[in-house]
Amino acid sequence: MIRINDGEETSASFPAADLTPLLDVVFIVMVFLLFTANAQTLSLPVNLPEASREQAEVTHEPKTLTVSILSEGKPWAVSEERYDSFEAFTTALLTEVEAEPDTTVLVAGDKEAPLGNLVKLMMFLSEHDITAAQVLMEDT
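Residue numbers here run from 1 along each chain, matching the order of that chain's written sequence. In keeping with the predicted nature of the model, local features appear solely for residues at pLDDT of at least 70, side-chain atom pairs appear and are counted solely at 80 or more, and the whole-chain, interface and lining totals rest on all residues. The basis for the side-chain values is all heavy atoms of the structure; hydrogens and waters are excluded.

Peer 1: Can you tell me about the packing of aromatic side chains, naming the residues and giving the values?
Peer 2: Only rings of Phe, Tyr and Trp enter the pairing, Trp through its six-membered ring, and a pair is recorded when the two centres are within 6.5 Å. The plane angle decides the type: under 30 degrees is stacked, over 60 is edge-to-face, the rest tilted. All told, the structure shown has five aromatic pairs when counted by the stated rule. Measuring from centroid to centroid gives 5.0 Å for W76 and F89, while their planes differ by 25°, and the two rings are stacked. Of this pair, W76 sits in strand β2 (residues 76–78) while F89 sits in helix α2 (residues 86–99), placing them 13 residues apart in sequence. Only protein chains enter the accessibility calculation, which uses a 1.4 Å probe; a residue whose area is less than 20% of its type maximum is buried, one above 50% is exposed, and one in between is partly exposed. A residue is classified by how much of its surface remains accessible, and F89, at 0% relative accessible area, is buried. One aromatic cluster is present, built from ring pairs that chain together W76, Y83, F86, F89 and F124. The secondary structure listing takes helices from DSSP runs of H or I that are at least 4 residues long and strands from runs of E that are at least 2 residues long, numbered from the N terminus.

Peer 1: Mind laying out the UniProt feature "transmembrane region" (unreviewed entry) in the protein chain, listing which residues take part and the relevant values?
Peer 2: Here, the residues flagged by UniProt with the feature "transmembrane region" (unreviewed entry) are residues 19–37. Within residues 19–37, the helical portion is 89% and the strand portion 0%, while the C-alpha atoms at the span's ends are 27 Å from each other. UniProt positions are given in the numbering used here, feature names are shortened, and annotations may be inferred rather than shown by experiment.

Peer 1: With reference to specific residues and values, describe the nonpolar core.
Peer 2: The term nonpolar core refers to a set of buried residues drawn from Ala, Val, Leu, Ile, Met, Phe, Trp, Tyr and Cys, joined through side-chain atoms within 4.5 Å. In this structure, W76, F89, L93, L121 and L125 are the most contacted members of the largest nonpolar core, which totals 18 residues. Those elements that provide at least two residues to this core are β1 (64–69), β2, α2, β4 (104–109) and α3 (115–127). With five residues, α2 is the largest single contributor of residues to this core. Ignoring sequence-local partners within four residues, the contact set of L121 consists of V67, I69, W76, F89, L93 and V107. Residue contacts are counted whenever heavy atoms from the two residues lie within 4.5 Å of one another.

Peer 1: Describe unusual backbone geometry, naming the residues involved and giving the relevant values.
Peer 2: The phi angle of most residues is negative, glycine excepted, and most peptide bonds adopt the trans form. Positive phi, normally seen in glycine, also occurs at S79, with a value near 55°. Along the chain, S79 falls in the loop between β2 and β3 (81–83).

Peer 1: Residues and numbers for the pairing of β1, please.
Peer 2: Should DSSP find at least two bridges between two strands, the strands are regarded as paired. Bridging between β1 and β4 involves six bridges; their strand directions are parallel. Among the inter-strand pairings, T64 is bridged to a residue of β4, identified as T104. The turn linking β1 back onto β2 is made up of six residues, and G73 within it adopts a positive phi angle of 70°.

Peer 1: So what's going on with α2? Residues and values would help.
Peer 2: By this rule the span expected of a helix is its residue count minus one, scaled by 1.5 Å. Across its 14 residues, α2 extends 20 Å between first and last C-alpha, which sits within 8% of the 20 Å expected from 1.5 Å per residue. Three or more residues of α2 are buried, namely F86, F89, T90, A92, L93 and V97. Buried residues of α2, viewed axially, fall in a sector of 165°; they line one side. Counted as exposed and oriented over 90 degrees from the buried face of α2: E87, T91, E98 and A99. Picture the helix axis, draw a direction to every C-beta atom, and the arc is the one those directions span.

Peer 1: Break down the side chain of S68 for me, with residues and values.
Peer 2: As for its position among the elements, S68 is in strand β1. Classification of S68 as buried rests on a relative accessible area of 14%. Aside from chain neighbours lying at most four places away, what touches S68 is P75, W76, A77 and A108.

Here you go:
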């Protein structure tokens, strides 16, 4: 610390400055910079085992089945096939789901389609324990 004795004053008066506010600001800026700095992520190199093509397991994407409720023409559709009656539609739907039990059923409805058809379809899916169902919606 610099000390100035009263007897050693020079001709120009040198008032002692209080550095506490300056140090407070410097420490606050340092803390801010430390918290906002991007920390470099550390990684360790890992030697992974290599598998031959014969040993590698093939992963399959889950099969999806789109069921549509339409407002014009034939009101029911499984994938691209349209049906006029609910009975023919449900028969085709059950055939598709039983062929591949892990099928995910996607329900897509026209916004002009009657709500009763959606409720009827959901009741059918519930009765037949088809639980992997998703309802597709459009953002408005």
